[in-house]
Structure formats: C-alpha cells, structure tokens
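Overview (structure and organization)
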Amino acid sequence: MTSTVFPRQVRLLTAEDYRKVFGKADAKAQTGQILILAHRNDLGYARLGLVVAKKHAKRAVDRNEIKRMIRESFRHNQSKLENYDCVVLSRPGAKDLDKIQLRHMIDKLWTRLRQNPNGNRPRKKRTDQKN
RNA sequence: UGAGACGAUCGGGCAGUCGCCGCUAUUGAAUUAAUCGAUAGGGGAGGAAAGUCCGGGCUCCAAAGGGCAGGGUGCCAGAUAACGUCUGGGUAGCGAAAGCUAACAGCCAGUGCAGCAGAGAGUAUACCGCCGAUGGCCAAUCUUGUAUUGGAACAGGUAAGGGUGAAAGGGUGCGGUAAGAGCGCACCGCGCGGCUAGUAAUGGUUCGUGGCAUGGUAAACCUCACUCGGAGCAAGACCAAAUAGGUUCCUAUUGGCGCGGCCCGCGUUGGGAACGGGUAGGUUGCUUGAGCCUUAGAGUGAUUUAAGGCCUAGAUGAAUGAUUGCCGCCUUUCGAGGUGACAGAACCCGGCUUAUAGAUCGUCUCUUUUA
RNA sequence: CGGAGCGUAGCGCAGCCUGGUAGCGCACUUGCAUGGGGUGCAAGGGGUCGUGGGUUCAAAUCCCCCCGUUCCGA
C-alpha cells in the first residue's frame with residue numbers, strides 16, 4: 001500500500017466500527033484540544049474515524065477545517081500506525097488553534113500513540129471513559 | 001473634484017506536485033449482471049449555501065358537495081406556478097434634492113379598554129375663575145313704584161382663561177352677550193351631495209349643502225373582502241441477512257408428549273418447503289430545471305414571447321483539501337509578514353430576513369465650493 | 001436535514017391568553033430570642049423580564065427580526 005492515498009476502506013463507516021473503538025481502546029493519546037482512541041483490527045492496515053462535536057466548533061466551516069487537517073495528517077502518517085482503528089475526537093478549544101498548530105499537534109500525536117500506547121502522563125490521569 | 005442617493009457585477013488569478021467524490025470512454029478480474037480495480041478526459045460550494053420566516057413543485061395520507069370553526073393577508077391596478085414577494089400608481093411622513101419609509105381596509109354595525117393625575121375621559125364636566133341679565137336677599141335714595149342705584153354671591157348661567165393629563169368634544173378674527181358659547185358672519189378645515197379626470201385607489205372644483213359633528217385604540221374582540229386539507233425526501237418506493245415470530249402445505253402406517261384400556265383421530269412438538277409482513281443494512285428518490293447565456297419583439301416596469309446556443313456538484317460517519325512558485329492587493333520598524341470579510345450544498349426552485357473585508361461599473365441629485 | 005417548545009432576582013418557578021402595580025419558595029443581609037450554634041420571629045436588599053425594532057398615551061405581556069438553549073423524528 002502506498003503511503004499517501006486515502007481510499008474508502010481506511011475509514012470507519014458503520015456504527016459497529018465506532019462501537020468497537022469506544023468499547024475497548026487499546027491505545028490512546030491526547031492533548032487539551034484533541035483525543036485519539038485506537039483499537040487493533042484484523043485487516044492489516046489502519047483506519048480513521050472522526051468525531052467533531054457541534055458543541056466544540058460552532059460553525060460548519062470550522063468543523064470541516066478540523067476534519068480536513070486530521071485527514072490530511074492521517075494520510076501522511078497511516079503507514080506507521082499498523083493495524084489500529086483510530087477515532088479522533090475534538091475537545092473544547094480545538095477551534096481556537098490555527099491550521100499550522102493543529103497540523104503539528106496531530107503529527108506528534110500519531111508518534112506518541114505508537115511509542116506510548118497507554119499513553120497518559122501520570123499527572124493527567126483521566127479515569128472516566130464516558131462519551 | 002467633493003458630499004450623497006439608487007441599481008448591477010465580482011468575492012483573488014495562473015501553473016506544478018500529492019490526495020478526495022461523482023460522470024463519460026476504454027480496459028482487467030473465465031463469461032452475462034452486479035461488484036472491485038487500472039488508464040484517459042471532463043466536472044466539483046454560495047451570494048447569502050445561513051435563519052427556516054413565507055410561497056410553490058414533488059411524495060404519501062385524508063377527503064372528494066356545501067357550511068361553520070380556526071389561521072393568514074389587507075390603499076388600488078398589474079406581474080407570476082404561487083406568495084406575506086415584485087412592479088407601476090395613489091395617500092401620509094422625512095429630506096435641500098436625487099430619493100427613502102409605511103400591517104396604509106373599517107371604531108358615523110355592535111361590544112369593550114383608558115391605571116395615576118384631574119372638577120370632568122365620551123349621550124361631557126364646574127375645582128379656581130368669569131357673570132349673576134332673570135328670580136330671590138341686604139342696604140341707600142325719594143318720585144313710595146311691577147321704581148332707581150349700590151352690595152353680597154343664594155338659585156342659576158358659562159366653556160373665554162388657569163390647572164391635570166398621552167388625549168379635554170374644530171382653528172383665527174369680528175359681531176354678539178350679564179358673562180359666554182357655531183349663537184351669527186367671514187376665511188381656513190371637515191362631512192354629505194353634484195360635476196369632472198382616472199380601469200381603480202384617489203385627485204380637482206369660482207358648484208350646492210350641513211353649523212360642526214365624525215376624539216384615541218381593531219399588532220382589543222370584531223365587521224368586510226380575498227385566501228388556506230394535513231404532513232414532510234429522516235416524504236415515499238424497491239431489495240433484503242441474522243434472530244424471533246405468523247399462515248399454508250408436506251413428512252413420520254417408523255420420533256416424543258398429552259387425551260385413551262388399545263386403534264383411528266385430534267392437539268402440541270421435531271424435520272422440510274412455500275408465502276406474506278419486515279428490523280440491521282443496501283438501492284432508489286437525486287439532479288434537465290417555472291434552468292442559464294445571447295439576440296430580437298411586446299410592455300413605463302415587474303415580466304413575457306420567439307429564435308439560436310449550453311449542460312453547470314450530487315456527498316451519505318458525509319468529497320470539494322494540502323503544499324510550492326509567480327503575478328496582483330494590503331500592512332511595514334524596509335528585515336519581512338498577511339491573502340483576507342461573512343461563511344460550507346444535503347430533494348429542488350421563487351422570495352424575505354440576517355451576516356459581510358474589499359473592488360469595479362452605470363444612472364441621478366446638490367444646500368455649499370471649484371471650473 | 002426537518003419539526004416543536006423554553007429564556008423573568010444567585011437557583012427553581014408564577015405573572016403573558018384578558019397591556020398600566022413585576023410576585024412566590026429556597027438562598028442572602030440586619031435585628032430580636034439563646035451562653036453559642038441550629039431553629040423560630042420580624043424587617044430589608046437584590047431583576048436591562050435574552051437582544052434589537054414596531055403597534056400603543058403606556059409592552060414582561062401584542063407583532064416582527066436576531067441570539068442562546070432543550071426536546072422530538074432514520
């Protein structure tokens with residue numbers, strides 16, 4: 001598989017796919033603005049799903065912007081992500097970042113997800129798994 | 001040139017690289033279909049895509065005739081598929097003008113409402129004031145009377161003035177009167193009628209007539225005129241797994257259980273088949289349309305007629321992006337930085353409303369200033 | 001995407017239909033009762049009625065436009 005294409009198979013399409021990731025996250029990485037949850041699949045390649053809440057970014061333009069940046073970043077980094085199904089969630093404050101900051105942040109998060117799958121810094125322990 | 005009014009258009013451009021979503025053509029996976037790829041070509045957010053405030057198309061449901069109730073609209077005429085939209089005209093207000101704004105029908109059909117203040121708030125009223133002619137009261141005078149003069153303000157009259165209020169029942173002047181009053185007259189305003197211009201709203205009038213009402217509120221009930229069935233593409237149509245369940249038939253003279261002493265039989269259960277409903281999911285609806293552009297004709301105009309040309313997003317955990325260079329524009333501390341504002345299609349159109357950096361074009365006005 | 005509501009004091013709600021005075025409970029402040037607290041009694045403060053227009057003499061209330069927020073419908 002080439003490293004920079006983004007065809008249909010690498011997206012999470014059904015509610016079932018999302019439920020698996022939310023039900024049991026094998027890895028995660030986060031900052032104040034972005035949270036990534038991941039779950040291993042049997043397909044041999046990584047897939048991406050997006051959740052950008054209307055509450056966090058009021059305007060449709062902002063939501064599209066965030067989703068496009070994440071997708072673009074995933075496209076360039078997907079070969080490193082093995083067979084993870086990733087769901088990227090926005091958090092309040094995501095809309096206040098400009099495009100460049102957002103891009104750098106996500107690029108770093110992929111690396112962190114791979115190197116440190118259980119990934120929290122100890123002081124920022126968040127135990128609740130709701131959503 | 002400056003200030004301003006109205007209308008229209010645009011909403012960075014070109015090229016390269018890496019991606020995403022439809023379409024068309026060719027082609028591959030044994031073959032048809034479906035599906036999944038490959039290559040090439042061509043397309044891919046807006047003027048508001050927004051708010052969902054109106055109106056239609058389209059779809060299903062209901063009814064199929066009429067009325068009531070309820071909602072909406074509201075100067076007149078026209079445009080339109082339709083409208084609460086638009087155009088033209090009228091009236092009123094604002095502005096120096098170009099122009100702009102107006103839910104702009106009816107409270108002389110009825111019912112209601114108007115707190116506080118104020119004397120009085122709707123077939124007017126009498127607090128202060130004014131008058132007190134007339135009828136009474138008191139005093140003086142001499143002519144002794146149905147007298148004259150003066151006084152008080154009892155009855156009474158009054159709507160000029162003060163005061164209250166958002167609003168006090170035409171205005172000004174003259175006459176008139178005890179004081180006043182449309183009580184009378186003139187002018188202005190108003191109502192009704194006539195004549196006249198206009199399709200009409202409405203305007204004009206050296207015409208006649210009425211003394212003068214007909215106060216405000218209908219985004220109060222209401223009256224009048226016109227109009228409206230309900231829901232919405234998450235509508236609707238089609239295909240249809242797993243699991244559970246329904247109907248019908250077959251199978252077992254050789255299954256189990258129950259009814260029974262036993263057989264037949266019946267019920268239930270097992271196995272199989274068919275049928276219909278239908279969830280997850282999928283397909284469709286889904287983009288050729290009251291479409292756009294150009295020219296010509298009709299009309300003051302909205303708009304419309306004819307001819308020719310064009311095809312211009314169709315996603316569905318939801319595409320339309322990222323990056324590099326040049327040009328253009330803006331800021332600048334001359335190193336450089338930014339690329340804009342409002343904002344992202346979700347069945348489709350016609351409007352309205354709201355948000356909006358900047359740029360361009362056209363028509364028109366002018367109290368001032370310049371030529 | 002479509003369709004319904006709701007915004008009033010710090011919090012939860014009345015008042016709106018039928019226009020003139022914004023009220024109730026909890027909370028808050030002060031005083032009294034108690035040695036002190038809780039509790040009780042009495043008094044008091046606090047509201048651009050979400051925003052901006054319009055109708056009206058007068059708008060929380062009637063009518064429009066915006067802004068939040070909640071709930072429905074595969």
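**Focus on the overall build of chain A**
Scanning chain A from terminus to terminus reveals three helices and four strands. Along chain A, helices (α) and strands (β) appear in the sequence α-β-β-β-α-β-α when read from the amino end. Out of the 131 residues in chain A, the part that is buried amounts to 42%. Considering only residue pairs separated by 6 or more positions, chain A has 81% of its internal contacts joining residues 24 or more positions apart. Of the roughly 8,000 Å² of accessible surface on chain A, 49% is carried by carbon and sulfur atoms.

**Focus on the nonpolar core**
In this structure, I36, L48, F74, C86, V88, W110 and L113 are the most contacted members of the largest nonpolar core, which totals 28 residues. Per element, the largest residue contribution to this core is six residues, and it comes from helix α3 (residues 99–115). In this structure C86 touches L12, I36, L37, A38, R47, L48, G49, W110 and L113, once residues within four positions along its chain are discounted. In this structure, L12, Y18, V21 and L35 belong to the second largest nonpolar core, which totals seven residues.

**Topic: helix α1 (residues 15–23)**
When α1 is considered as a whole, its buried residues turn out to be D17, Y18 and V21. All buried residues of α1 project into a common sector of 95° when viewed along the axis, lining one side. Exposed and oriented more than 90 degrees from the buried face of α1 are A15, R19 and G23. Those residues of α1 that are buried lie in contact with β2 (34–40), β3 (47–51) and β4 (84–90).

**Some words on the protein's contact with RNA strand B**
Taken together, 21 residues surround RNA strand B, and among them R8, L12, R59, N64 and R75 come closest. When atoms of RNA strand B within 4 Å of the protein are sorted by moiety, sugar and phosphate together comprise 67%. L12 has a polar backbone atom sitting 2.4 Å from a sugar or linking oxygen of RNA strand B. Elements with a minimum of two residues in the surface near RNA strand B: α1, α2 (60–77) and α3. The element best represented in the surface near RNA strand B is α2, accounting for seven residues. Per-class residue counts for the surface near RNA strand B are 10 nonpolar, two polar and nine charged.

Calculation rules
Residues numbered from 1 in each chain as written. Chains lettered and ligands numbered in written order. Predicted model: local features only at pLDDT ≥ 70, side-chain atom pairs only at ≥ 80, totals over all residues. Heavy atoms only, no water. Helix = DSSP H or I, 4+ residues; strand = E, 2+ residues; numbered from the N terminus. Buried < 20%, exposed > 50% of the residue type's maximum accessible area, 1.4 Å probe, protein only. Contact = heavy atoms within 4.5 Å. Areas by Shrake-Rupley, 256 points an atom, 1.4 Å probe, with all protein chains shown as cover. Core = buried A, V, L, I, M, F, W, Y, C linked by side-chain atoms within 4.5 Å. Arc of directions from axis to C-beta. Near = heavy atom within 4 Å. Polar contact = N/O pair within 3.5 Å; in protein donor to acceptor, adjacent residues only side chain to side chain. Nonpolar A, V, L, I, M, F, W, Y, C, P; charged D, E, K, R; others polar.

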